[in-house]
Amino acid sequence: MNKQQLKDLIIKSIDENRDKIIEVGRGIYHTPEYGYKEYKTTEAVANFMKEELGLEVEKNIAVTGCKAVVNENKKGPHISILGELDGISCKEHKDANEIGASHTCGHNIQIAGMLGAALGLVKSGVLDSLDGKVSFMATPAEEFIELEYREQLKKKGEITYFGGKQELVKRGYFDDVDMSMMFHSSDCGDSKALVGPESNGFIGKKVQFIGKESHAGSAPHEGINALNAAMLAINNVNALRETFKESERVRFHPILTKAGDIVNVVPADVQMESYVRARTINGMIDASERINRALIAGGTAVGAEVKITEIPGYLPILRYRSMDNLFSNNLVELGIPSNEIIDGGDFTGSFDFGDISHLMPTLHPMVGGVKGALHTRDFEIVDEELAYIVPAKSMAMTVVDLLFDGAKEANEILADFKPVMTKEEYLDFLNKYDKTI
């Protein structure tokens, strides 16, 4: 069979199983779980891969998560298709559960799309005609939240890193992978999809301002007000904002997780969390160092101690145009006009898939079918065909493009590729920003 015949078989298989793909996406949507707690979601994914596709599944690859591999005996390149398991906190959303968790991140769509791509590749029978391995990996803990819980897991030795893909890299799950792909849902307005997004990376921070308690009414002069230190620190950072390069798209967005104990005691323990985001690694480092000085100065002004715990966050996402072009061409083949596919996008949020893009060629398009901003009460799935089915088909078809004819396309991409970081350099970078100042 030629390449087009293989793609036609994939499309036919996915169309015949459309309801199953959407059903698993809907089910995960209604059972959101936070990172490293995705037990039900892991089970749902593993059951689909075992029962529907007959695959052997490795579960709990990083506390949660799972992986299956097909074409294991093929000698060609290894492509991994990823989907993210976790939900986000958005208690204002109509479908949030009792603890405020929801899939306003669209990760349920990713997972269903990944499973749809797996179904298309497996049930169509095209794998025998492809020269390389394919893995399907459901990854945990993309949303960088519940840091105290993750710190507990780290202290117990269950994880090293707070991000799921970071942890999987450390555990060796990408060691034999040559290329990776996944997609994200996004409200694309009048368009249907976007390829080649740019994003910020970030360094996480937990900041403790340590003062001295005293009676707030009768003896404030005997205390050291840690809340005042935190307020000054935030204002200090605000004074820095005009000094950051516009091209770096720097963001600092703190929250106070503790602002005191009781109203008539001068706050002696005030705690803050934030990210320092920027468009490049050097920009992240520069902004982080400057912001640290501003935070410490807030404490110095009132005589408070400042303790800054840095947490390795995510790297900016890198673009690989050859991969983007294959995906775009498949979208067009599926009936999406080329003028409804946006080329390039500017996202000041962060994806842990950015880390993977520093290690290997990657594909990370944004596909519509939803409206409303991510992580907000307005997020809603409005077109299940576009949200779930189209990206499933296009990813599976892109795998055919890469691995057909002796994996010619994949090998050409890999021949010209040099990673920005080796695995060892990447882990060294993470460890450098896992410290307390």
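As a starting point, this report considers the structure included with it. (Residues numbered from 1 in each chain as written. Predicted model: local features only at pLDDT ≥ 70, side-chain atom pairs only at ≥ 80, totals over all residues. Heavy atoms only, no water.)

**Details of helix α1 (residues 3–16)**
Part 1 of the reasoning: With 14 residues, α1 should cover 20 Å at 1.5 Å per step; its first-to-last C-alpha distance of 20 Å lies within 8% of that length.
Part 2 of the reasoning: Residues of α1 that are buried include every one of Leu6, Lys7, Ile10, Ile11, Ser13 and Ile14, and no others. The buried residues of α1 all sit within an arc of 165° when viewed along its axis, so they share a single face.
Part 3 of the reasoning: Those residues of α1 hidden inside the fold are in contact with α2 (18–29), α4 (107–123), α9 (321–333) and α11 (384–415).
Part 4 of the reasoning: Sitting at the head of α1, Asn2 places a side-chain oxygen 3.1 Å from the backbone nitrogen of Gln4. (Helix = DSSP H or I, 4+ residues; strand = E, 2+ residues; numbered from the N terminus. Expected span 1.5 Å × (residues − 1). Buried < 20%, exposed > 50% of the residue type's maximum accessible area, 1.4 Å probe, protein only. Arc of directions from axis to C-beta. Contact = heavy atoms within 4.5 Å. Polar contact = N/O pair within 3.5 Å; in protein donor to acceptor, adjacent residues only side chain to side chain.)

**Some details on the side chain of Asn71**
Part 1 of the reasoning: Looking at the element boundaries, Asn71 is found in the loop between β2 (64–70) and β3 (78–84).
Part 2 of the reasoning: The class of Asn71 is buried, set by a relative accessible area of 15%.
Part 3 of the reasoning: From its side chain, Asn71 meets the backbone oxygen of Gly132 in a polar contact 3.1 Å long.
Part 4 of the reasoning: Beyond its immediate stretch of four places on either side in the chain, Asn71 contacts Leu127, Leu130, Gly132 and Lys133.

**What about the nonpolar core?**
Side chains that are nonpolar tend, in soluble globular proteins, to be buried together.
Part 1 of the reasoning: With 65 residues, the main nonpolar core has Val45, Ile81, Leu121, Phe136 and Leu402 as its most contacted residues.
Part 2 of the reasoning: If one sorts the elements of this core by residue count, α11 sits on top with 15 residues.
Part 3 of the reasoning: Ignoring sequence-local partners within four residues, the contact set of Val45 consists of Ile28, Cys66, Leu85, Ile111, Met114, Leu115 and Ala138.
Part 4 of the reasoning: In terms of nonpolar packing, the next biggest core, distinct from the first, is built from 52 residues, Ile203, Phe244, Met284 and Ile308 among them. (Core = buried A, V, L, I, M, F, W, Y, C linked by side-chain atoms within 4.5 Å.)

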